[in-house]
Amino acid sequence: MSLCCSLSTPKSMSPFPKRSKIFSHGFIRASSSSSADVPDFLSADWLESRRKRPFGPRLTFSAEEAVKHQLDALKYNDQPRQDYGIEVMYRFAGFDPFERSKYFGPFFDLGQFERFRRIFHHSTYRVLLGHKERKILSSLFVKENRFKQRVWILGSRPEEEEIFEFTMVQRIGGSWDGYWLTESLLHDGDAFAGGLAY
């Protein structure tokens, strides 16, 4: 019994692919023998859109800058879209989404963004959303990779002012190595005394 295979030799030994034809329906067909249409998944502005990644932690941010950027995002919370500032906070959050977190003090399941968002709309944390003024009360490097900052916030509603404490941690190892992420955002006082249905 003999097994016969036919191998065709390429007409050109060029390392570059053959020219493609772009059709009006957005598909590309190579000038090869394949007749299947291959969708062009990358748009013309792909590289530019890649540079405009969502705002969040950056390796170049110091701990103080990371807190400032988060507070700025909350001040202009609904720009460019509703609750965008809370989205930025979620990107800076240094908790594991698959475990309960003490980000706000008590243990909460914050793996879903919607639960995280609801806490910011709770009466004690909503002062951060669209606040008018803020003042840094104290800043302290507890360790080389742990930073705490207390901030006084004047809200947009009458007689609305609160004090919050950010705890930032610089990650060591892994994909977030060197980034400052928020370990906790605590209200000075008993924020959840009346309970919270999140």
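Residues numbered from 1 in each chain as written. Predicted model: local features only at pLDDT ≥ 70, side-chain atom pairs only at ≥ 80, totals over all residues. Heavy atoms only, no water.

A. How the structure looks around the confidence of the model for the protein. Confidence in the prediction of the protein, expressed as mean pLDDT, is 81, and 69% of residues score 70 or more. Throughout residues 5-10 the model reports pLDDT below 50, and contacts reaching past four residues in sequence, or to other chains, amount to zero contacts. In the model, residues 27-36 has pLDDT below 50 throughout and makes 21 contacts with residues more than four positions away in sequence or in other chains. (pLDDT = per-residue confidence, 0-100. Contact = heavy atoms within 4.5 Å.)

B. How the structure looks around the sheet that holds strand S4 (residues 133-143). Taken together, four strands build an open sheet; the order of strands is S4-S5-S6-S7 and the sheet is antiparallel. Of all the strands in the sheet, the pair left with one neighbour each is S4 and strand S7 (180-187). For this sheet the average axis-to-axis angle between neighbouring strands, irrespective of direction, equals 20 degrees. By the bridge criterion, seven bridges tie strand S6 (residues 161-170) to S7 in an arrangement that is antiparallel. What sits directly across from Thr167, in S7, is Ser184. In the packing of helix H3 (residues 84-92) onto the sheet, the strands contacted are S6 and S7, and the crossing angle to S7 comes to about 120 degrees. (Pairing = 2+ DSSP bridges. Helix = DSSP H or I, 4+ residues; strand = E, 2+ residues; numbered from the N terminus. Axes fitted to C-alpha atoms, helices over the stretch in contact; angles between N-to-C directions.)

C. Representation of the packing of aromatic side chains in the model. Counted according to the given criterion, the structure contains 19 aromatic pairs. Their ring planes at 80 degrees and their centres at 5.0 Å tell us that Trp176 and Tyr179 sit as a pair that is edge-to-face. Here Tyr179 falls in the buried class, since its relative accessible area comes to 19%. Cluster of aromatic residues (ring-pair linked, three or more members): Tyr90, Phe95, Tyr103, Phe104, Phe113, Phe116, Phe120, Tyr125 and Phe164. (Phe/Tyr/Trp six-rings, centres within 6.5 Å; stacked < 30°, edge-to-face > 60°. Buried < 20%, exposed > 50% of the residue type's maximum accessible area, 1.4 Å probe, protein only.)

D. Local environment of the nonpolar core. Within the largest apolar cluster, 33 residues are counted, with the highest numbers of intra-cluster contacts made by Tyr103, Phe104, Phe116, Phe120, Leu128 and Leu185. Sorting the residues of this core by element identifies helix H2 (63-75), H3, helix H4 (113-120), strand S5 (146-154), S6 and S7 as the ones contributing at least two each. Broken down by element, this core gets its largest block of residues, six residues, from H2. Not counting residues within four places of it along the chain, the set of residues in contact with Phe116 comprises Ile86, Met89, Tyr90, Phe95, Tyr103, Phe104 and Leu110. (Core = buried A, V, L, I, M, F, W, Y, C linked by side-chain atoms within 4.5 Å.)

E. Seen up close, unusual backbone geometry. Of note, the amide linkage connecting Gln79 to Pro80 takes the cis form, showing an omega dihedral of 5 degrees. Within the secondary structure, Pro80 sits in the loop between H2 and H3. Positive phi values are uncommon outside glycine, yet Asp83 reaches one of about 60 degrees. Residue position: Asp83 is located in the loop between H2 and H3.

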